[in-house]
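Take a look at the letters that make up each chain.
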Amino acid sequence: MPLDAYLKPRGVLIGAGQPAPDFTLKDQSGQEWSLSGALAKGEAVLCFFPMAFTSVCGAEMTCINDELESWQGKGTQVVGISCDSPAALNAWAESLGLQQPLLSDMHREVCKAYGLYWKEMNIASRGTVIVGQDGLVRWSQSRAPGSAMDLDVVVQAMEA
C-alpha cells in the first residue's frame, strides 16, 4: 500500500487558503520526506513536473537548483515531485547536478490530491504550490505541459 493512500483526489487545482494535504514520499536517495516535517522548519514550495529527462522539466529543476541557497536562506524548502521512480530521479539528479529533493509519487496519490494529475498520460502535470508554515496553500499555479515555471512569478507570490 502506498504511504499516502489516505489522500483524496480532487478534480481541480488546490487553491489558496485551502489546507495542504500532508504527505510522505521517498526522495531520489530513498529517504522519506514529509510536508509536515518541512513545515516545522518553514514554508514549502512544491514543484510538480511530468517527467525526468525531459527538456522543460530539466530547465525548471536546474533553475530551482541554481537558486537553492537563496530559497534555503529564506527558510523555504523547495522540492520537485513527479511520478518517476526514486532510481530514475537519482540518475537524473546526478546527470544535472541537482541538489534539491526530488520526490517520487509513483502511486499518483499526491499529484491527484493537489489537483495536478495529467490523466491522459497517467503522470503529474506541471504546477507549483506554495504552502505556508501554517499548512495552508498560499498560492498555486497549473501550467500547460510545455510551459516552464517563471521563477520571478513564484518569488513574487512568496513575497506577497
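Computed from a prediction, not measured in an experiment: that's the story for all the values here. For every chain, the first residue of the written sequence is number 1, and numbering continues from 1 along that sequence. The model is predicted, so local features are restricted to residues of pLDDT at least 70 and side-chain atom pairs to those at 80 or more, both for listing and for counting; the totals for chains, interfaces and linings are taken over all residues. Excluded from the side-chain calculation are hydrogens and water; included are all heavy atoms of the structure.

(A) The pairing of strand E9 (residues 137–143), seen in detail. Should DSSP find at least two bridges between two strands, the strands are taken to pair. For the purposes of this entry, the term helix denotes a DSSP run of H or I that reaches at least four residues, the term strand denotes a run of E that reaches at least two, and both are numbered from the N terminus. Where strand E8 (residues 126–131) meets E9, six bridges bridge the pair, whose relative direction is antiparallel. Residue Thr128 lies in a different strand from E9, and its bridge partner there is Gln141. The turn linking E8 back onto E9 is made up of five residues, and Gly135 within it adopts a positive phi angle of 85 degrees.

(B) Main features of the pattern of salt bridges. The term salt bridge refers to a side-chain nitrogen of Lys or Arg lying within 4 Å of a carboxyl oxygen of Asp or Glu. As enumerated under the stated definition, the model contains three salt bridges in all. Notably, a salt bridge pairs Arg138 with Glu43, separated by 2.8 Å at the nearest N-O pair. Taken as a pair, Arg138 in strand E9 and Glu43 in the loop between helix H1 (35–39) and strand E3 (44–48) lie far apart in primary sequence, 95 residues in all. Salt-bridge contacts for Arg126 lead to Glu60; the nearest nitrogen and oxygen are separated by 2.9 Å. With Arg126 in strand E8 and Glu60 in helix H2 (residues 55–66), the pair connects residues that are 66 residues apart, well separated along the chain. Burial classification: accessible surface area is computed with a 1.4 Å probe over protein chains only, and a residue below 20% of its type maximum counts as buried, one above 50% as exposed, and the rest as partly exposed. With a relative accessible area of 3%, Glu60 lands in the buried category. Several salt bridges share partner residues, and in doing so they unite Glu60, Arg126 and Arg143 into one network.

(C) Examining the environment of Glu67 more closely. For Glu67, the location among the structural elements is in the loop between H2 and helix H3 (68–73). Sequence separation between Glu67 and Val56 is 11 residues, and the spatial gap between their C-alpha atoms is 17 Å.

(D) Summary view of the packing of aromatic side chains. Each pair of aromatic rings taken from Phe, Tyr and Trp, with Trp reduced to its six-membered ring, is defined by centres within 6.5 Å and is described as stacked if the planes are under 30 degrees apart, edge-to-face if over 60, and tilted in the remaining cases. Counting across every chain of the model gives five aromatic pairs. When the centroid spacing of 5.8 Å and the interplanar angle of 35 degrees are considered together, the rings of Phe23 and Trp33 count as tilted. In this pair, Phe23 is assigned in the segment before strand E1 (24–27) and Trp33 in strand E2 (residues 32–34), connecting sequence segments 10 residues apart. Each member of the pair, Phe23 together with Trp33, is buried. A ring pair is formed by Phe53 and Trp92, whose centres lie 6.4 Å apart and whose planes are at 55 degrees; its orientation type is tilted. With Phe53 in the loop between E3 and H2 and Trp92 in helix H4 (residues 86–96), this pair connects stretches of sequence that are 39 residues apart. Taking the relative accessible area as the measure of exposure, Trp92 reaches 2% and is therefore buried. Connected via pairs of aromatic rings, a cluster forms that spans Phe23, Trp33, Phe48 and Tyr114. Lysine and arginine charges are scored as sitting over a ring when NZ or CZ, respectively, is within 6 Å of the ring centre and within 35 degrees of the ring normal. Directly above the ring of Tyr117 sits Lys112, whose terminal nitrogen or CZ lies 4.7 Å from the centroid.

(E) Layout of helix H6 (residues 151–159). Every buried residue of H6 is accounted for by Leu151, Val154, Ala157 and Met158. Down the axis of H6, the buried set is contained in an arc of 125 degrees. They therefore lie on one face. With respect to the buried face of H6, the exposed residues turned more than 90 degrees away are Asp152, Gln156 and Glu159. The criterion used for residue contact is that any of the two residues' heavy atoms lie within 4.5 Å. Those residues of H6 hidden inside the fold are in contact with E3, H2, H3, E8 and E9. Arc definition: directions from the helix axis to the C-beta atoms.

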